[in-house]
Amino acid sequence: MKAILQRQATISEVTVSQLEVMPDHVHMLISFKPKYAPSNIVKNLKGASARIWFKQYPETKKLLWGGHLWSPSYYMGTLGDMSKEVVEKYIESQYTEAMRRQLKGYYGKNR
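Quick caveat, the model's predicted, so the values are computed rather than measured.

### Observations regarding the overall build of the protein chain
A tally of helices and strands in the protein chain yields three helices and two strands. Burial statistics for the protein chain: of 111 residues in total, 27% are counted as buried. A sequence separation of at least 24 residues applies to 51% of the contacts in the protein chain between residues at least 6 apart. When the accessible area of the protein chain is evaluated, it comes to approximately 8100 Å², of which 55% is carbon and sulfur surface.

### Considerations on unusual backbone geometry
One non-glycine residue, Glu13, lies in the positive phi region at around 60°. Topologically, Glu13 is positioned in the loop between helix H1 (2-11) and strand E1 (14-21). For Glu13, a relative accessible area of 37% puts it in the partly exposed group.

### Structural notes on the nonpolar core
In this structure, Met1, Leu5, Ala9, Leu45, Trp53 and Leu69 are the most contacted members of the largest nonpolar core, which totals 13 residues. Mapped onto this core, the elements with two or more residues apiece are H1, E1 and helix H2 (38-56). Broken down by element, this core gets its largest block of residues, five residues, from H2. Residue contacts for Leu69: discarding those within four places in its chain leaves Met1, Ser49, Ala50, Trp53, Phe54 and Leu64.

### As for the pattern of salt bridges
Any two side chains of opposite charge can pair, so long as their charged atoms come close to each other. Summed over all chains, the structure comprises two salt bridges. Residues Glu20 and Lys2 are paired through a salt bridge, measuring 3.3 Å at the closest nitrogen-oxygen approach. In this pair, Glu20 is assigned in strand E1 and Lys2 in helix H1, connecting sequence segments 18 residues apart. Lys33 is the salt-bridge partner of Glu13, the closest N and O atoms lying 2.8 Å from each other. Residue Glu13 is located in the loop between H1 and E1, and its partner Lys33 is located in the loop between strand E2 (26-32) and H2; the two are separated by 20 residues in the primary sequence. Given a relative accessible area of 40%, Lys33 falls into the partly exposed group.

What counts and how
Residues numbered from 1 in each chain as written. Predicted model: local features only at pLDDT ≥ 70, side-chain atom pairs only at ≥ 80, totals over all residues. Heavy atoms only, no water. Helix = DSSP H or I, 4+ residues; strand = E, 2+ residues; numbered from the N terminus. Buried < 20%, exposed > 50% of the residue type's maximum accessible area, 1.4 Å probe, protein only. Contact = heavy atoms within 4.5 Å. Areas by Shrake-Rupley, 256 points an atom, 1.4 Å probe, with all protein chains shown as cover. Core = buried A, V, L, I, M, F, W, Y, C linked by side-chain atoms within 4.5 Å. Salt bridge = Lys/Arg side-chain N within 4 Å of Asp/Glu carboxyl O.

Put into C-alpha coordinates, the structure is as follows:
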(Lines give C-alpha, C1' and ligand atoms only; values in the text may rest on other atoms or scores of the structure.)
Protein backbone atom coordinates (compact mmCIF):
# COMPACT_ATOMS: atom_id res chain seq x y z
CA MET A 1 0.00 0.00 0.00
CA LYS A 2 2.88 2.37 0.70
CA ALA A 3 4.18 1.98 -2.84
CA ILE A 4 0.70 2.43 -4.31
CA LEU A 5 0.02 5.61 -2.34
CA GLN A 6 3.47 7.02 -3.05
CA ARG A 7 3.09 6.39 -6.79
CA GLN A 8 -0.37 7.94 -6.93
CA ALA A 9 0.81 10.94 -4.92
CA THR A 10 3.63 11.52 -7.39
CA ILE A 11 1.22 11.31 -10.32
CA SER A 12 -1.09 13.79 -8.55
CA GLU A 13 1.68 16.30 -7.77
CA VAL A 14 1.50 15.55 -4.06
CA THR A 15 4.70 15.48 -2.02
CA VAL A 16 4.74 12.78 0.66
CA SER A 17 6.99 13.68 3.58
CA GLN A 18 5.89 10.86 5.86
CA LEU A 19 3.74 7.79 5.24
CA GLU A 20 2.86 4.92 7.55
CA VAL A 21 0.30 2.24 6.81
CA MET A 22 -1.37 0.82 9.91
CA PRO A 23 -3.45 -2.34 10.08
CA ASP A 24 -6.66 -0.28 9.93
CA HIS A 25 -5.72 3.22 8.75
CA VAL A 26 -3.02 5.35 7.14
CA HIS A 27 -1.08 8.41 8.33
CA MET A 28 0.34 10.71 5.67
CA LEU A 29 2.16 14.03 5.94
CA ILE A 30 1.68 15.58 2.52
CA SER A 31 1.93 18.88 0.74
CA PHE A 32 0.41 19.99 -2.54
CA LYS A 33 -0.15 23.10 -4.61
CA PRO A 34 -2.86 25.44 -3.32
CA LYS A 35 -4.70 25.17 -6.64
CA TYR A 36 -5.85 21.68 -5.53
CA ALA A 37 -8.73 21.23 -3.09
CA PRO A 38 -7.76 19.04 -0.11
CA SER A 39 -10.91 16.94 -0.51
CA ASN A 40 -10.02 16.22 -4.14
CA ILE A 41 -6.51 15.14 -3.14
CA VAL A 42 -7.93 12.67 -0.61
CA LYS A 43 -10.57 11.42 -3.04
CA ASN A 44 -7.90 10.87 -5.68
CA LEU A 45 -5.51 9.04 -3.35
CA LYS A 46 -8.22 6.82 -1.89
CA GLY A 47 -9.97 6.06 -5.18
CA ALA A 48 -6.86 5.33 -7.24
CA SER A 49 -5.21 3.29 -4.50
CA ALA A 50 -8.34 1.16 -4.03
CA ARG A 51 -8.56 0.42 -7.77
CA ILE A 52 -4.88 -0.55 -7.93
CA TRP A 53 -5.07 -2.59 -4.70
CA PHE A 54 -8.10 -4.62 -5.81
CA LYS A 55 -6.57 -5.21 -9.22
CA GLN A 56 -3.46 -6.65 -7.53
CA TYR A 57 -5.27 -8.39 -4.65
CA PRO A 58 -8.85 -9.16 -5.75
CA GLU A 59 -9.27 -11.79 -3.03
CA THR A 60 -9.14 -9.09 -0.33
CA LYS A 61 -12.29 -7.35 -1.56
CA LYS A 62 -14.56 -9.83 0.25
CA LEU A 63 -12.63 -9.37 3.52
CA LEU A 64 -13.07 -5.60 3.79
CA TRP A 65 -15.93 -3.32 4.91
CA GLY A 66 -18.53 -4.55 2.46
CA GLY A 67 -15.98 -4.66 -0.35
CA HIS A 68 -14.62 -1.16 0.26
CA LEU A 69 -10.94 -0.60 0.97
CA TRP A 70 -11.44 2.84 2.52
CA SER A 71 -14.16 4.29 4.69
CA PRO A 72 -15.76 7.43 3.27
CA SER A 73 -14.33 9.55 6.09
CA TYR A 74 -10.91 11.07 6.62
CA TYR A 75 -9.15 13.59 8.82
CA MET A 76 -6.93 16.30 7.45
CA GLY A 77 -5.26 19.02 9.45
CA THR A 78 -2.68 21.69 8.83
CA LEU A 79 0.61 21.93 10.67
CA GLY A 80 -0.39 25.22 12.26
CA ASP A 81 1.47 25.60 15.56
CA MET A 82 3.34 22.30 15.20
CA SER A 83 6.56 21.87 13.33
CA LYS A 84 6.88 19.39 10.49
CA GLU A 85 9.37 17.42 12.60
CA VAL A 86 6.85 16.99 15.44
CA VAL A 87 4.25 15.61 13.04
CA GLU A 88 6.81 13.31 11.40
CA LYS A 89 7.78 11.89 14.81
CA TYR A 90 4.12 11.41 15.71
CA ILE A 91 3.45 9.45 12.51
CA GLU A 92 6.57 7.38 13.05
CA SER A 93 5.51 6.58 16.63
CA GLN A 94 2.07 5.48 15.44
CA TYR A 95 3.65 2.71 13.38
CA THR A 96 5.55 1.44 16.42
CA GLU A 97 2.43 1.54 18.59
CA ALA A 98 0.35 -0.23 15.91
CA MET A 99 2.91 -3.01 15.69
CA ARG A 100 2.84 -3.45 19.48
CA ARG A 101 -0.95 -3.65 19.37
CA GLN A 102 -0.87 -6.14 16.51
CA LEU A 103 1.58 -8.37 18.37
CA LYS A 104 -0.76 -8.33 21.38
CA GLY A 105 -3.59 -9.46 19.07
CA TYR A 106 -5.77 -6.33 19.15
CA TYR A 107 -6.31 -6.11 15.40
CA GLY A 108 -8.69 -8.47 13.72
CA LYS A 109 -10.71 -9.12 16.88
CA ASN A 110 -14.04 -7.73 18.00
CA ARG A 111 -13.58 -5.97 21.30
